[in-house]
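The residues making up each chain are set out below.
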Amino acid sequence: MRAYGESADGPPLARLPSSDAVPERCDIAIIGGGIIGLSTARELARAGVSVALFEKGEMAGEQSSRNWGWVRRTGRDLRELPLMQLSGDIWDGLNAATGHETGYRRSGIAYAARSLAAVERYRRWATAAADYGVESTVLDGASIAAMAPGLTREVAGGLFTAADGRAEPQLANHAIARAAAAHGARLFGNCAVRTIDVSAGRTSGVVTERGLVRCGAVVVAGGAWSRLLLQGVGATLPQLKLLSSVLRTAPVEAGIEPCMSFSDFALRRRLDGGYSVATSAVSVSQIVPDSLRFFRTFLPAYLAERQNIRLRLGRAFLAEALDWRPGVADRTSIYEAVRRLSPRPDAATLTKVQKDLAKALPVFAGVPVVQSWAGMIDSTPDAIPVISEVASLPGCFVGTGFSGHGFGIGPGAGRVLAQLATGATPTVDLAAFDLNRFAADPKLELQQWL
Ligand SMILES: Cc1cc2nc3c(=O)[nH]c(=O)nc-3n(C[C@H](O)[C@H](O)[C@H](O)COP(=O)(O)OP(=O)(O)OC[C@H]3O[C@@H](n4cnc5c(N)ncnc54)[C@H](O)[C@@H]3O)c2cc1C
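Being a predicted model, the structure only gives us computed values, none of them experimental.

Rules and cut-offs
- Residues numbered from 1 in each chain as written.
- Predicted model: local features only at pLDDT ≥ 70, side-chain atom pairs only at ≥ 80, totals over all residues.
- Heavy atoms only, no water.
- Core = buried A, V, L, I, M, F, W, Y, C linked by side-chain atoms within 4.5 Å.
- Buried < 20%, exposed > 50% of the residue type's maximum accessible area, 1.4 Å probe, protein only.
- Helix = DSSP H or I, 4+ residues; strand = E, 2+ residues; numbered from the N terminus.
- Contact = heavy atoms within 4.5 Å.
- Lys, Arg positive; Asp, Glu negative; His and termini not counted.
- Salt bridge = Lys/Arg side-chain N within 4 Å of Asp/Glu carboxyl O.
- Phe/Tyr/Trp six-rings, centres within 6.5 Å; stacked < 30°, edge-to-face > 60°.
- Near = heavy atom within 4 Å.
- Polar contact = N/O pair within 3.5 Å; in protein donor to acceptor, adjacent residues only side chain to side chain.
- Areas by Shrake-Rupley, 256 points an atom, 1.4 Å probe, with all protein chains shown as cover.
- Nonpolar A, V, L, I, M, F, W, Y, C, P; charged D, E, K, R; others polar.
- Axes fitted to C-alpha atoms, helices over the stretch in contact; angles between N-to-C directions.
- Parallel < 35°, antiparallel > 145°, perpendicular 65-115°, else oblique.
- Left-handed = near helix turned anticlockwise from the far one by under 90°.
- 1 Å grid on protein atoms, 1.4 Å probe; cavity = no way out; pocket = protein on both sides within 12 Å on 5 of 7 lines; lining within 4 Å.
- Points joined across faces, edges and corners; volume = space filled by probe spheres on them.
- Pairing = 2+ DSSP bridges.

Peer 1: Could you give an account of the nonpolar core, naming the residues involved and the relevant values?
Peer 2: Across soluble globular proteins, nonpolar side chains have a tendency to be buried as a group. In this structure, Leu83, Trp91, Leu187 and Ile387 are the most contacted members of the largest nonpolar core, which totals 45 residues. Going through the elements one at a time, β1 (28-31), α1 (35-46), β2 (51-54), α3 (81-92), α7 (169-182), β12 (217-220) and α14 (406-421) are the ones with two or more residues in this core. At 7 residues, α14 tops the list of elements feeding residues into this core. Contacts of Trp91, omitting those with residues within four sequence positions, involve Ile35, Val71, Thr102, Tyr104, Ala167, Ala172, Phe407, Gly408 and Pro411. Grouped together as the second largest cluster of nonpolar side chains are 40 residues, Ala29, Leu230, Leu237 and Met376 included.

In structure tokens:
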């Protein structure tokens, strides 16, 4: 099934052992083995809950291994900050807690501003973020430039958060998965959930391609597929996909420790000595039936971001119109047909990123690009996630729609999802992340700080 010109290569992932026989029942079933599902599984297993996680392809084969690896408070939507603070605390201890290398380092994150207006916006954000206990500093241009030796361009100033960090997406998910398994979670790769089983108006199990698993609660952590999974149980989640492309360089002594964004390119030092490089200035949105279905809900977000979004009409429209249907119990589903969303990166975007990078930081000129890849970012109309029970289906919980920043917040999201699903009081207030907000409030708040 080739809707997005799929390329075989994502970033390389180690093989994870899969659990053997699918159980007849468990307390909680999780759909999706990205950072959200895996973090939830680890939290539940640590608490002694019997949990089984089902991933249609390989663990972390979609967004969670393809991202930039930024663990970021800087410039976040203020409503996410309490959850991100919780997540930051978990990241700080995650290498020790999992017993595996996640690549996490408290390197700091810096955003360089090209204009004084941007500096002023950063200042407003830093003042507001201080109320949430986030310490970010507005710096002058020289201080930002000092973080990127050899920078050839002028910057007006910038925003820096020392507590922010970076991690290795190709290591961190596997570290969390291994820790979850060590605590007793059963993790099944190559095992799609076709549909959620419902009895007497409440969640009663999941129908996997290897049979029915009965359970008391389900956590839907299906990334870009969550919309379809929820449609299968009659719930509406407005969610669209944005294609975002990344390249990684060979090792280079550039001397840049923090993750840095210069708007036309952004870079993160990797444990292997290379850099992951990308841009948030361009993402590609394929027009698909959902673009029309959710046109009105997404219009304000599209208008706010239209400088950065390239709309494309291609074969994805037809592929989704013909084949992307919620699964049913007794038939091979779309989730089995598309084991891994692995779109081809946008060559024009990456060529420009490479050029801008080499011009601004000549140390990168001539450094080979070792690999490039792309991922499909699952976005909501207000660019904050859904972490919520589905009101119309007791026992069905959702953690999805992280809109391009779910890697950093993932461990915290896993903790509160585990609390929600077991009836405990979540550590942070989740009111802003309720699924009902889309139906209830047609004027959704969209915060843009960066
Ligand atoms: C290019 C790019 C750069 C990014 N950079 C950053 C960054 O620097 N920092 C940051 O914080 N975030 C970043 N993000 C966002 C971050 O990667 C995501 O928000 C996060 O990984 C989402 O995790 P997830 O578990 O919800 O989804 P995913 O990782 O997409 O996982 C969902 C999983 O569910 C599985 N699944 C779906 N349906 C079924 C089914 N029916 N049965 C079984 N399994 C199913 C899928 O196969 C998939 O593996 C970036 C994303 C991209 C694409």
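Read on for the rest.
Peer 1: Quick rundown of the side chain of Arg42? Include the residues and the values.
Peer 2: By secondary structure assignment, the location of Arg42 is in helix α1. Among buried Asp, Glu, Lys and Arg side chains, Arg42 stands out as unpaired, with Glu43 the closest opposite charge at 4.0 Å. Ignoring any residue separated from it by four or fewer positions in sequence, one finds Arg42 in contact with Ile90, Leu94, Ala97, Thr98, Ile176, Ala179, Ala180 and His183.

Peer 1: How would you sum up the packing of aromatic side chains? Please name residues and give values.
Peer 2: Tallied over the entire structure, the rule returns 9 aromatic pairs. Members of the aromatic cluster, connected to one another through ring pairs, are Trp68, Trp70 and Tyr111.

Peer 1: Give a detailed account of the site of the ligand, specifying residues and quantitative values.
Peer 2: Taken together, 35 residues surround the ligand, and among them Glu55, Ser64, Trp70, Gly406 and Gly408 come closest. Between the ligand and the protein, one listed contact pairs a nitrogen atom with a backbone N or O atom of Gly404 at 3.3 Å. The separation between an oxygen atom of the ligand and a polar main-chain atom of Gly408 is 2.7 Å. For the ligand, whose unbound accessible area comes to 1,000 Å², protein coverage reaches 98%. When residues of the shell around the ligand are traced back to their parent elements, those giving at least two are α1, α2 (63-66), β13 (240-249), β19 (369-379) and α14. By residue class, the composition of the shell around the ligand is 16 nonpolar, 15 polar and 4 charged.

Peer 1: Lay out the packing of α1 against α14 in plain terms, naming residues and giving numbers.
Peer 2: Contact geometry for α1 and α14: axes closest at 7 Å, N-to-C directions at 40°. Looking at the two axes, α1 sits oblique to α14. Remark: the crossing between α1 and α14 carries right-handed chirality. Contact with α1, carried on its side by Ile35, Ile36, Ser39, Thr40, Glu43, Leu44 and Arg46, involves Gly406, Phe407, Gly410, Pro411, Ala413, Gly414, Arg415, Leu417 and Ala418 of α14 and no other residues of that element. Considering only residue class, the contact of α1 with α14 consists of 8 nonpolar, 5 polar and 3 charged.

Peer 1: Can you explain the layout of surface pockets? Please cite residues and give values.
Peer 2: Where empty space is left becomes clear once a probe the size of a water molecule has been rolled over the atoms. Considered as a void within the structure, the second largest pocket measures approximately 460 Å³ in volume. Every residue lining the second largest pocket is counted, 24 residues in all, and those nearest its centre are Pro238, Thr297, Phe438, Ala439 and Leu444. Among the secondary structure elements, those contributing two or more residues to the lining of the second largest pocket are α10 (295-305) and α15 (437-440). By residue number, the principal contributor to the lining of the second largest pocket is α10, which donates 4 residues.

Peer 1: Lay out the sheet that holds strand β9 (residues 193-199) with the relevant residues and their values.
Peer 2: If you walk across this open sheet you meet the 3 strands as β9-β10-β11, and the pairing is antiparallel. For this open sheet the edge positions go to β9 and β11 (211-214), each flanked by a neighbour on one side alone. Between one strand and the next, the sheet's axes are offset by a mean angle of 30°, whatever the strand orientation. Looking at chain direction, strand β10 (residues 202-208) and β11 are connected through 4 bridges and run antiparallel. Counterpart to Val207 in the pairing with β11 is Leu212.

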